[in-house]
Amino acid sequence: MCEPITMLDIFTCLLGALFFIFIGFRPPWQPKKLQDFRHKEVQDIPGPLSLPLIGTRWLFTIGRYQMSKIPEFYKDMLRKYGVIFKEEALYNVPIISVVERSDIETVLKSTGKWPMRLPTAAVAKYRKAHPERYASTGLVNEQGGKWHFLRTSLTTVLTSPKTINDFLPQMDEIADDWCHLIKQRRYRDGRIDHLEELAGRLGLEATCALVLGRRMGFLIEDHRCEVAEKLAQSVHDNFVACRDTYFGLPFWTAFPTPNYKKLCESERNMYEFASELIKTADESTKDSAVFQSVLGAHIDEREKKSAIVDFLAAGIYTLKNSLLFLLYQIAMNPECQKKILEDTTKTYLKACSMETFRLSPTVHALARVTDTDLVLSGYKVSAGTVVLCQSALACQSERNFNDAKAFKPERWLNEEKNQTSATAAYLVTPFGYGKRICPGKRFIENALPIVLEQMVQKFVITTERPLEVVFEFLVSPKEPISMTFKDRT
Ligand code: HEM
């Protein structure tokens, strides 16, 4: 005969169950959602409707979002879903976006020995299919030990303070030539209608001077260098094709879609036009620290040329965009021009540049593949998950910066400086963060203030049109850009 169930039996069963829950035991039949009672899982992170196989990529093709307005899409996601949200890429691979400062800090701090940034898959596919040119997918796309090897072999000289300090006198000359070009090109009233064209020429001249070690003459008024123009155009096309293959429907993985063909063409052109420029190397090129360090590296010969191509491609367009954003902020804030002129320490110049990077970074989010299990805004995110640190959104939040949408270089100075720098450490990261940080950072951080100083000394800069932006894998100012440069008397 069975004994009746007593209260003690029930109590013992409950205690047993609690013990198993406490140690994290999970029976196979338990639904996944109940697996972890403390934290919700990646699948619970809110986000737009995801379809089988293609995930949320339909949003940019048949949905209501345009690829040229991706930053707007992320703003919308923040409004709808809050500080953590999820998209899904091909095969429903989740991509988590975080906007909370503490989450961004957690992600950027925990990326391990060899931080992983998701490669641009279409570029990787193209390069793997062309072993005659590429020994790997390149520094920007490689991961793990291979990336580390390329990084240490190729960027030590580019990132060294000596290289950049030695380059500064040349940068001064380049800035002077650019001002001269502006004088020649402006209308009588000082207006320039296509400033983007001139900024592109500066991006080319400065990047080539640093990487190839010689002046190319792109800032001479009537000088036309077809190869350089084509290189700049193919760099632009390459960024746009990366955007379209990345955010569009992923048919290119199965067959060569028009977007994939465009990407292949731009990769081919970039390689060929950059090779043309390298071929014309003269004595001064041989003196270039950056060029020589790449040539002398103990790596596969193919890696050398593709590294030079990648350096040129990475610098030309980013520099152009950042310069245009900076000049726009300065044009909109005439009192900043006065302060630049009054400040003999040059700290105000740098503050203007930092404040522009905070408000208008050309790279709006930093991507990382997590190295360890993390908890982000209460969700358990396991190692190997792709996370986008939405730094541009975080920088525009009042939770992080007072009067966040205003251009206030002063926040980087005086008594506000410490507070701003502490908040900015993981948020104002226009060049990325940690071991994978942009190797061009030191060059750009020094070059931009030099150009700005000369511009403000020579011109009163104004603009009437508000600047719109367009997403071309990088956030770029929408063209044409018109500004007025009147002589400062
Ligand atoms: C305003 C100009 C520039 C901006 C805003 C910029 C921004 C960035 C960002 C955000 C990254 C990703 C870093 C990360 O994931 O942590 C990056 C990577 C990179 N940048 Fe730049 N960059 C600029 C100029 C340059 C220049 C001038 C060069 C070369 C001469 C360059 C070469 C590279 C390379 C090779 C990488 C890949 C690094 C790696 O994965 O190890 N960049 N850049």
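All figures in this text were calculated on a predicted structure; none of them were measured in a lab.

Rules behind the numbers
Residues numbered from 1 in each chain as written. Predicted model: local features only at pLDDT ≥ 70, side-chain atom pairs only at ≥ 80, totals over all residues. Heavy atoms only, no water. Helix = DSSP H or I, 4+ residues; strand = E, 2+ residues; numbered from the N terminus. Buried < 20%, exposed > 50% of the residue type's maximum accessible area, 1.4 Å probe, protein only. Contact = heavy atoms within 4.5 Å. Areas by Shrake-Rupley, 256 points an atom, 1.4 Å probe, with all protein chains shown as cover. Axes fitted to C-alpha atoms, helices over the stretch in contact; angles between N-to-C directions. Parallel < 35°, antiparallel > 145°, perpendicular 65-115°, else oblique. Left-handed = near helix turned anticlockwise from the far one by under 90°. Nonpolar A, V, L, I, M, F, W, Y, C, P; charged D, E, K, R; others polar. Near = heavy atom within 4 Å. Polar contact = N/O pair within 3.5 Å; in protein donor to acceptor, adjacent residues only side chain to side chain. Phe/Tyr/Trp six-rings, centres within 6.5 Å; stacked < 30°, edge-to-face > 60°. Lys NZ or Arg CZ within 6 Å of the ring centre and 35° of its normal. Donors = N, O, S within 2.8 Å, 3.2 Å for Na, K, Ca; no water. Core = buried A, V, L, I, M, F, W, Y, C linked by side-chain atoms within 4.5 Å. Domains from an automatic or database assignment. Patch = residues over 30% accessible without salt bridge, like charges linked within 9 Å, V, L, I, M, F, W, Y side chains within 5 Å. Salt bridge = Lys/Arg side-chain N within 4 Å of Asp/Glu carboxyl O.

Peer 1: Explain the overall build of the protein chain to me, please; I cannot follow it from the model alone.
Peer 2: Looking only at helices and strands, the protein chain has 18 helices and 12 strands in total. Out of the 489 residues belonging to the protein chain, those deemed buried represent 52%. Sequence-distant contacts, at least 24 apart, represent 72% of the contacts inside the protein chain between residues at least 6 apart. Within the structure as shown, the protein chain displays about 23600 Å² of accessible surface, and the carbon and sulfur contribution to it stands at 58%.

Peer 1: Please explain the packing of helix 12 (residues 289-296) against helix 13 (residues 301-332) as it appears in this structure.
Peer 2: The description of two packed helices rests on the angle between their axes and on the distance between the axes. Closest axis-to-axis distance for the helix 12/helix 13 pair is 9 Å, and the angle between their directions is 150°. The orientation of helix 12 with respect to helix 13, classified from their angle, is roughly antiparallel. In this structure, helix 12 crosses over helix 13, and the sense of that crossing is right-handed. Counting all contacts with helix 12, which are made through V290, F291, V294 and L295, the residues of helix 13 involved are K304, A307, I308 and F311. For the contact of helix 12 with helix 13, the class distribution of residues is 7 nonpolar, no polar and 1 charged.

Peer 1: How do you make sense of the site of the ligand when you look at a structure like this?
Peer 2: Close contacts around the ligand come from 25 residues, with R117, R151, R368, R436 and C438 the closest. At 2.7 Å from an oxygen atom of the ligand is found a side-chain nitrogen or oxygen belonging to R117. Note that an oxygen atom of the ligand is positioned 2.8 Å from one of the side-chain N or O atoms of R151. Breaking the shell around the ligand down by element, the ones donating at least two residues are helix 5 (144-154), helix 13 and helix 18 (441-458). Ranked by residues supplied to the shell around the ligand, first place goes to helix 13 with 6 residues. Taken together, the residues of the shell around the ligand sort by class into 15 nonpolar, 6 polar and 4 charged.

Peer 1: What exactly am I supposed to notice about the packing of aromatic side chains here?
Peer 2: Two measures describe an aromatic ring pair: the distance that separates the ring centres and the angle between the ring planes. All told, the structure shown has 18 aromatic pairs when counted by the stated rule. Between Y126 and Y134 the ring centres are 6.4 Å apart and the planes differ by 70°, which places this aromatic pair in the edge-to-face class. In terms of burial, Y126 and Y134 fall into one category: buried. Ring geometry for F239 and Y317: centres 5.3 Å apart, planes at 45°, overall tilted. Of the two residues, F239 is situated in helix 9 (residues 226-247) and Y317 in helix 13; the sequence distance between them amounts to 78 residues. Accessibility expressed as a relative area gives 17% for F239, which makes it buried. According to the relative accessible area criterion, Y317 is buried, its value standing at 4%. Taken together through their ring pairs, the aromatic side chains of F60, Y65, F73, Y74, F85, Y246, F247, F471 and F473 make up a single cluster. We note R57 situated over the ring of Y246; from NZ or CZ to the ring centre the distance is 4.8 Å. The side chain of K113 reaches across the aromatic face of W114, ending 4.4 Å from its centre.

Peer 1: Help me understand the coordination of the iron atom of the ligand, please; the structure alone is not making it clear to me.
Peer 2: In an ideal tetrahedron of four donors about a metal, each angle is 109.5 degrees. In an ideal octahedron of six donors, the angles are 90 or 180 degrees. Looking at the iron atom of the ligand, one finds just one donor atom contributed by the protein, C438 (SG), at 2.2 Å. Secondary-structure assignment places C438 in the loop between helix 17 (417-424) and helix 18.

Peer 1: Can you walk me through the nonpolar core in this structure?
Peer 2: For soluble globular proteins, the rule of thumb is that nonpolar side chains tend to be buried together. In this structure, W178, L195, L231, I330, F443, M455 and I461 are the most contacted members of the largest nonpolar core, which totals 144 residues. The dominant element in this core, judged by the number of residues it contributes, is helix 13, at 17 residues. Two domains each put at least three residues into this core: domain 1 (34-120 + 364-396) and domain 2 (130-361 + 432-488). Not counting residues within four places of it along the chain, the set of residues in contact with W178 comprises L195, L198, A199, L202, L219, L323, L327, V451 and M455.

Peer 1: Even after reading the chapter, I still don't get a nonpolar patch on the surface, so can you show me in this structure?
Peer 2: A contiguous nonpolar patch, built from I5, M7, I10 and L14 and spanning about 470 Å² of accessible area, is present on the exposed surface. Within the fold, M7 resides in helix 1 (residues 7-22). On the basis of relative accessibility, which here comes to 66%, the residue M7 falls in the exposed class.

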